[in-house]
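Summary of the model geometry
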Amino acid sequence: NAGVTQTPKFQVLKTGQSMTLQCAQDMNHNSMYWYRQDPGMGLRLIYYSASEGTTDKGEVPNGYNVSRLNKREFSLRLESAAPSQTSVYFCASRELRSSYEQYFGPGTRLTVT
Amino acid sequence: GENVEQHPSTLSVQEGDSAVIKCTYSDSASNYFPWYKQELGKRPQLIIDIRSNVGEKKDQRIAVTLNKTAKHFSLHITETQPEDSAVYFCAASKGNQGGKLIFGQGTELSVKP
């Protein structure tokens, strides 16, 4: 099993450009999450999907949209990138019923110039 | 909303000493408290967790204690080794909200040989 995978690993955008970060998990987990990590601020939840067909805002949703494409895939879209969105983005998944543990992907390092 | 405070932000110990990291949370309904270890450039990985129905949990050199009345929990690492050097994050979660985690700001632990 690959676990949680994310693409791309690195990305540089210019202010105003758009892009989609992809996340997939092969563990048949129900819930998926997007976090951003900035120095000195820990991980902050952007959006999450408790189950297929549902999405909800987290702590810092402004400037982002998400799509739970199917049970495996959860994408994060930046419609008009801003320098404040420079960060490392982590996707995570969890089997909500049987375990509380979240499994993280390897991350995407995004720079907006 | 839920808030998690973590202290200290940096911690330096000698190999073989113990290390203690403390977190406080604001929402008394939180019932799950994981600790993640993140090495430089890597994804966060769960090292130990505790649910609100127990006060202490131990796994070899790592232990977590929970005081629900005071709303704080701590990570204890005994007999520290250089490979324990990393950033450690605490988090809190309420099981009925899709499992979303609220993270502390992180503690950078340095174990000097």
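So, a few notes on the structure that sits alongside this text.

Each value, and the rule that gives it
- Residues numbered from 1 in each chain as written.
- Chains lettered and ligands numbered in written order.
- Predicted model: local features only at pLDDT ≥ 70, side-chain atom pairs only at ≥ 80, totals over all residues.
- Heavy atoms only, no water.
- Helix = DSSP H or I, 4+ residues; strand = E, 2+ residues; numbered from the N terminus.
- Buried < 20%, exposed > 50% of the residue type's maximum accessible area, 1.4 Å probe, protein only.
- Contact = heavy atoms within 4.5 Å.
- Areas by Shrake-Rupley, 256 points an atom, 1.4 Å probe, with all protein chains shown as cover.
- Lys, Arg positive; Asp, Glu negative; His and termini not counted.
- Charge placed at Lys NZ, Arg CZ, Asp CG, Glu CD.
- Phe/Tyr/Trp six-rings, centres within 6.5 Å; stacked < 30°, edge-to-face > 60°.
- Disulfide = S-S within 2.5 Å.
- Polar contact = N/O pair within 3.5 Å; in protein donor to acceptor, adjacent residues only side chain to side chain.
- 1 Å grid on protein atoms, 1.4 Å probe; cavity = no way out; pocket = protein on both sides within 12 Å on 5 of 7 lines; lining within 4 Å.
- Points joined across faces, edges and corners; volume = space filled by probe spheres on them.
- Salt bridge = Lys/Arg side-chain N within 4 Å of Asp/Glu carboxyl O.

**Side note on the overall build of chain A**
When helices and strands are tallied, chain A shows zero helices and eleven strands. The linear arrangement of helices and strands in chain A, starting from the amino end, is β-β-β-β-β-β-β-β-β-β-β. Referenced to the eigenvectors of the C-alpha coordinate spread, the extents of chain A come out at roughly 40 × 25 × 25 Å. With 113 residues in all, chain A has 50% of them scored as buried. Taking the intrachain contacts of chain A between residues at least 6 apart in sequence as the baseline, contacts between residues at least 24 apart amount to 56%. Counting only carbon and sulfur atoms, one obtains 48% of the accessible surface of chain A, whose full area is about 5,200 Å². Averaging the positions of the 12 positive and the 9 negative side-chain charges in chain A gives two centres separated by 5 Å.

**Details of the packing of aromatic side chains**
Applying the stated criterion to the full structure yields 15 aromatic pairs over all chains. Centre to centre, the rings of Phe90(A) and Phe104(A) are 6.3 Å apart; their planes meet at 80°, and the pair counts as edge-to-face. With Phe90(A) in strand 9 (residues 87–94) and Phe104(A) in strand 10 (residues 103–104), this residue pair connects regions lying 14 residues apart in the sequence. Comparing Phe90(A) with Phe104(A) shows no difference in burial state: the two are buried. On the numbers, 5.3 Å between centres and 85° between planes, the contact of Phe104(A) with Tyr36(B) is edge-to-face. Here Phe104(A), found in strand 10, pairs with Tyr36(B), found in strand 4 (residues 32–38), and the two come from separate chains. Tyr36(B) shares its class with Phe104(A); the two are buried. Through pairs of rings, three or more aromatic residues link up here, namely Tyr33(A), Tyr35(A), Tyr48(A), Phe90(A), Phe104(A), Tyr36(B), Phe89(B) and Phe103(B).

**Some words on the state of the cysteines**
Overall, the coordinates contain two disulfides over all chains when judged by the stated rule. One disulfide bridge connects Cys23(A) with Cys91(A), the sulfur atoms lying 1.9 Å from each other. In this structure, the disulfide formed by Cys23(A) and Cys91(A) twists by about -75° around the S-S bond and is classed as left-handed. With a gap of 68 residues between them, Cys23(A) in strand 3 (residues 19–25) and Cys91(A) in strand 9 connect regions that are remote in the sequence. There is a disulfide in this structure between Cys23(B) and Cys90(B), and the S-S distance comes to 1.9 Å. Residues Cys23(B) and Cys90(B) are joined by a disulfide whose S-S torsion is about -100°; by sign, that bridge is left-handed. On the criterion of sequence distance, the pair formed by Cys23(B) in strand 3 (residues 19–25) and Cys90(B) in strand 9 (residues 86–93) is long-range, its members being 67 residues apart. According to the relative accessible area criterion, Cys23(B) is buried, its value standing at 1%.

**A word on the side chain of Ser30(B)**
All names here are of chain B. Structurally, Ser30 is set in the loop between strand 3 and strand 4. In terms of polar contacts, Ser30 uses its side chain to reach the side chain of Glu2, at 2.3 Å. Contacts of Ser30, omitting those with residues within four sequence positions, involve Glu2, Tyr25, Ser52, Ala92, Ser93 and Lys94.

**Some points on the layout of surface pockets**
When its volume is computed, the largest pocket comes out at roughly 800 Å³. Around the largest pocket, the lining comprises 33 residues; the ones closest to its centre are Gln37(A), Arg109(A), Gln38(B), Leu40(B) and Gly41(B). When residues of the lining of the largest pocket are traced back to their parent elements, those giving at least two are strand 9 and strand 11 (108–112) of chain A together with strand 9 and strand 11 (107–112) of chain B. No other element matches the four residues that strand 11 of chain A contributes to the lining of the largest pocket.

**Some points on the pattern of salt bridges**
With the rule as written, the count across this model stands at seven salt bridges over all chains. Asp38(A) is the salt-bridge partner of Arg44(A), the closest N and O atoms lying 2.7 Å from each other. Each member of the pair, Arg44(A) as well as Asp38(A), carries the same accessibility label: buried. For Asp49(B), the salt bridge identified is with Lys57(B), shortest N-O distance 2.9 Å. Here Asp49(B) falls in the buried class, since its relative accessible area comes to 17%. One connected set of salt bridges, linked through shared partners, spans Arg36(A), Asp38(A) and Arg44(A).

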